[in-house]
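Chain by chain, the residues:
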Amino acid sequence: MSLWGGRFQEGLHPAFDSFNRSLPFDRRLWPADIEGSRAWARAHVAAGSLSTREGKRLEQSLAKLAKELSKDDSSLRASAAEDIHSYVESRLVDDLGPLGKKLHAGRSRNDQVATDLRLYCKQRVTELDATLVALMAALVTLAEREATTPLPGYTHLQRAQILTVGHHALAYVEMLARDRSRLADAAKRLDECPLGSGALAGTGFPIDRKALAKDLGFRRPARNSVDAVSDRDFVAELLFVAGLSAAHLSRLSEDWIFYASQEAGFLELSDAVTTGSSLMPQKKNPDSLELIRGKGARILGRLTGFLACLRSLPLAYNKDLQEDKEALFESLDTWEACLTVARLCVEGARFDAARLEAACLSGYLNATELADYLVDKGLPFREAHDQVGQLVRLGLERGEELAEIPLDLAREISPVLDKAFVKALGIDAVLAHRRSQGGANPRLVKREVQRWKKELAKEKP
Ligand code: ARG
């Protein structure tokens, strides 16, 4: 059954029919479409444009359909309907006859689809938030276990200063916390009900839109009917939130792919998230992390693609807007899968403490510490920096780390040096010295772990 046959004499060309139909992808909106339709029936009863009995029968039929679909959606999958709205209405007419045809009065698929999609997003935001929290919790657990495990920190991918595995993991927890707050912020803005806006100009029935919005769990009705049916900012925002968070996951992947390389050897991923090679028997490849990195690109593509679509649209509804759904569904599904697989990677990761310690002892990661040491002895920092630079050069020539250079030779470059400097350059001393708030000092990292644990415990249902 088509919703709009009256004006037409001929059917659609099959090629255009499949081009036009959205049911193959918008069918996942069925719970929202049924919920919205039930609320619309109630709103009509309240407005006096449907009798209480009619409203009840419509609601019962919709509830029956929901029950059927949650058990078995094969009729939905097999349907030739144009979209989910046509499908639900056709089932209503099949069930109730003429009464089924009454429900759409004063409503358009334009306000209907905007409402359905917002209801869907609200539900997805809750699920995605929980998935974010689960990954954060896994990272916090890792940070607790490895709060004191040293890790070479890099800038420009050159060894820079000593960190700990825990401190590095908590950096990603910070990013994910910002992703959560962006998600919550987007959710606040999308929490408006378009229903009752009609096709674009409002509805001719005395619908109480405030009550309708409340009935559907929205904060308030959308204020402007033209905006209500044309606005897809909320889709673009969620694509951005997903895209940025996926970028965070991609950076984590990038770090860990390197850590898992033989060159670094800092980390071994579990068998559950790695694959072998069909040819090379020795291989254990970090496909999970590579796919997280790769799939993030899709979300960015969806974001830019959808913004390009949106920017060219005159008000109000245009069919281009139907493109919102595949962009949204694919991006949120992909983001969710990336979050889940990232959590599995984190949960199964084994860091090699001996290898990490050895790595922290080579490559002059303690050069800054030595400069600080000289400053403590009274040298201006610039001079200290220069002297340590010369010591590094000497070390490179002699094949020695800073602490290995014989004191008499070192003193030729830096006369204030005493023999205590060797101890000051040890991993533990260097880490303990990074004591400013937010620094890599294990004591501070442990404190942060406790703070995060408390914060995340609040989220448990
Ligand atoms: N399937 C359509 C969409 O997703 C529903 C709205 C159709 N509205 C219309 N005026 N043709 O956007």
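Residues numbered from 1 in each chain as written. Predicted model: local features only at pLDDT ≥ 70, side-chain atom pairs only at ≥ 80, totals over all residues. Heavy atoms only, no water.

Peer 1: Even after reading the chapter, I still don't get the overall build of the protein, so can you show me in this structure?
Peer 2: Helix and strand counts for the protein stand at 20 helices and 6 strands. Relative to the compact-globule value of 23 Å for 461 residues, the protein shows a C-alpha radius of gyration of 30 Å, a clear excess of over 25%. Here the protein holds 461 residues, and the buried ones make up 48% of them. A sequence separation of at least 24 residues applies to 74% of the contacts in the protein between residues at least 6 apart. Looking at the protein as shown, the accessible area adds up to about 22,900 Å², and 53% of this sits on carbon and sulfur atoms. Positive and negative charge centroids in the protein, built from 65 and 65 side chains respectively, lie 5 Å apart. (Helix = DSSP H or I, 4+ residues; strand = E, 2+ residues; numbered from the N terminus. Rg over C-alpha atoms; globule rule 2.2 N^0.38 Å. Buried < 20%, exposed > 50% of the residue type's maximum accessible area, 1.4 Å probe, protein only. Contact = heavy atoms within 4.5 Å. Areas by Shrake-Rupley, 256 points an atom, 1.4 Å probe, with all protein chains shown as cover. Lys, Arg positive; Asp, Glu negative; His and termini not counted. Charge placed at Lys NZ, Arg CZ, Asp CG, Glu CD.)

Peer 1: What exactly am I supposed to notice about the nonpolar core here?
Peer 2: Within the largest apolar cluster, 101 residues are counted, with the highest numbers of intra-cluster contacts made by Tyr 87, Leu 238, Leu 249, Trp 256, Leu 328, Trp 335 and Phe 351. Ignoring anything within four residues of it in the chain, the contact list for Phe 351 reads Leu 142, Glu 146, Val 165, Trp 256, Tyr 259, Phe 266, Leu 267 and Leu 356. Counting 20 residues, the second-largest nonpolar core is a separate cluster that includes Leu 379, Val 388, Ala 410 and Phe 421. (Core = buried A, V, L, I, M, F, W, Y, C linked by side-chain atoms within 4.5 Å.)

Peer 1: How do you make sense of the site of the ligand when you look at a structure like this?
Peer 2: Around the ligand, the neighbouring residues are Ser 22, Asp 83, His 85, Arg 109, Asn 110, Val 113, Tyr 317, Gln 322 and Lys 325. Between the ligand and Tyr 317 there is a distance of 2.4 Å, counted from an oxygen atom to a side-chain nitrogen or oxygen. Separating an oxygen atom of the ligand from a side-chain N or O atom of Lys 325 is a distance of 2.6 Å. Summarising the interface, the protein chains cover 86% of the accessible area of the ligand, which totals 340 Å² for the free molecule. Per-element tally for the shell around the ligand: the top contributor is helix 7 (residues 109-145), with 3 residues. (Near = heavy atom within 4 Å. Polar contact = N/O pair within 3.5 Å; in protein donor to acceptor, adjacent residues only side chain to side chain.)

Peer 1: Mind showing me how you'd approach the pairing of strand 2 (residues 158-164) here?
Peer 2: Looking down a regular strand, the side chains alternate between one sheet face and the other. Here 6 bridges tie strand 1 (residues 150-155) to strand 2, and the two strands are oriented antiparallel to one another. Within strand 2, the residue paired with Tyr 154 across the bridge is Arg 159. Connecting the antiparallel pair strand 1 and strand 2 is a turn made up of 2 residues, with His 156 showing a positive phi of about 55 degrees. (Pairing = 2+ DSSP bridges.)

Peer 1: Help me understand the environment of Leu 76 in this model?
Peer 2: Within the fold, Leu 76 resides in helix 5 (residues 74-78). Leu 76 sits in the buried class, given a relative accessible area of 1%. Spatially, the C-alpha atoms of Leu 76 and Arg 27 are 7.3 Å apart, while their sequence positions differ by 49 residues.

Peer 1: Looking at this model, I keep getting lost on helix 4 (residues 52-71). Mind explaining?
Peer 2: For the α-helix, the turn length of 3.6 residues means that residues three or four positions removed from each other point alike. The first and last C-alpha atoms of helix 4 sit 29 Å apart over 20 residues, in line with the 28 Å expected at 1.5 Å per residue. At its buried positions, helix 4 is contacted by helix 3 (30-47), helix 5 and helix 6 (84-96). (Expected span 1.5 Å × (residues − 1).)

Peer 1: Help me out: how do you make sense of the packing of helix 3 against helix 6 in this one?
Peer 2: Helices that pack against each other are described as a pair by the angle of their axes relative to one another and the distance between those axes. Running from N to C, helix 3 and helix 6 cross one another at 55 degrees; their axes reach a closest spacing of 10 Å. Between helix 3 and helix 6, the angle is such that the two are oblique. Two packed elements cross with a definite hand, and for helix 3 against helix 6 that hand is right-handed. Residue-level contacts link Trp 30, Asp 33 and Ile 34 of helix 3 to Ile 84, His 85 and Val 88 of helix 6. Along the lines of polarity and charge, the residues of the contact of helix 3 with helix 6 split into 4 nonpolar, 1 polar and 1 charged. (Axes fitted to C-alpha atoms, helices over the stretch in contact; angles between N-to-C directions. Parallel < 35°, antiparallel > 145°, perpendicular 65-115°, else oblique. Left-handed = near helix turned anticlockwise from the far one by under 90°. Nonpolar A, V, L, I, M, F, W, Y, C, P; charged D, E, K, R; others polar.)

Peer 1: Teacher, can you tell me more about the packing of aromatic side chains here?
Peer 2: The geometry of two aromatic rings is summed up by the distance between their centres and the angle between their planes. Considering all chains together, one arrives at 7 aromatic pairs under this definition. With 5.5 Å between their ring centres and 85 degrees between their planes, Tyr 154 and Phe 258 make a pair best called edge-to-face. Here Phe 258 lies in helix 11 (residues 233-259) and Tyr 154 lies in strand 1, a separation of 104 residues in the sequence. With a relative accessible area of 26%, Phe 258 lands in the partly exposed category. Taken together through their ring pairs, the aromatic side chains of Tyr 154, Phe 258, Tyr 259 and Phe 266 make up a single cluster. A cation over an aromatic ring shows up here: Arg 28 above the ring of Phe 329, its NZ or CZ 4.3 Å from the ring centre. It is Lys 122 that lies over the ring of Phe 218; its NZ or CZ is 4.6 Å from the centre. (Phe/Tyr/Trp six-rings, centres within 6.5 Å; stacked < 30°, edge-to-face > 60°. Lys NZ or Arg CZ within 6 Å of the ring centre and 35° of its normal.)

Peer 1: Mind showing me how you'd approach unusual backbone geometry here?
Peer 2: Keep in mind that most residues, glycine aside, have a negative phi and that most peptide bonds are trans. Across the junction of Leu 315 and Ala 316, the peptide omega takes the value 0 degrees, indicating a cis bond. The topology assignment puts Ala 316 in the loop between helix 12 (287-310) and helix 13 (323-348). A positive phi is found at Leu 157, a non-glycine position, where the angle reads about 60 degrees. Secondary-structure assignment places Leu 157 in the loop between strand 1 and strand 2. Accessibility expressed as a relative area gives 59% for Leu 157, which makes it exposed. Positioned with a positive phi, Tyr 364 is a non-glycine residue whose angle comes to about 60 degrees. The class of Tyr 364 is buried, set by a relative accessible area of 14%.

Peer 1: Just checking my understanding: could you explain the side chain of Ser 230 for this structure?
Peer 2: By the element assignment, Ser 230 lies in helix 10 (residues 225-230). At 2.7 Å, the side chain of Ser 230 forms a polar contact with the backbone oxygen of Val 226. Each residue touching Ser 230, except ones within four places of it in the same chain, is listed here: Leu 315, Ala 316, Tyr 317 and Leu 321.

Peer 1: Honestly, the pattern of salt bridges in this entry has me stumped. Any pointers?
Peer 2: Once the charged atoms of two side chains with opposite charge are near each other, the side chains can pair. Taken as a whole, this structure holds 39 salt bridges when the rule is applied. A salt bridge links Arg 42 to Asp 215, with the nearest nitrogen and oxygen atoms 2.8 Å apart. Taken together, the positions of Arg 42 in helix 3 and Asp 215 in helix 9 (residues 209-215) put the pair 173 residues apart, joining distant regions of the chain. The class of Asp 215 is partly exposed, set by a relative accessible area of 35%. Across the salt bridge formed by Arg 77 and Asp 73, the nearest N and O atoms sit 3.2 Å from each other. (Salt bridge = Lys/Arg side-chain N within 4 Å of Asp/Glu carboxyl O.)

Peer 1: Please explain helix 20 (residues 442-457) as it appears in this structure.
Peer 2: Given a rise of 1.5 Å per residue, 16 residues ought to cover 22 Å, and the 22 Å separating the end C-alpha atoms of helix 20 matches this to within 8%. Lining the buried residues of helix 20 we find helix 7, strand 2, helix 8 (165-189) and helix 19 (427-433). At the N-terminal end of helix 20, a side-chain oxygen is found 2.7 Å from the backbone nitrogen of Arg 443, two or three residues along, and the residue is Asn 441.

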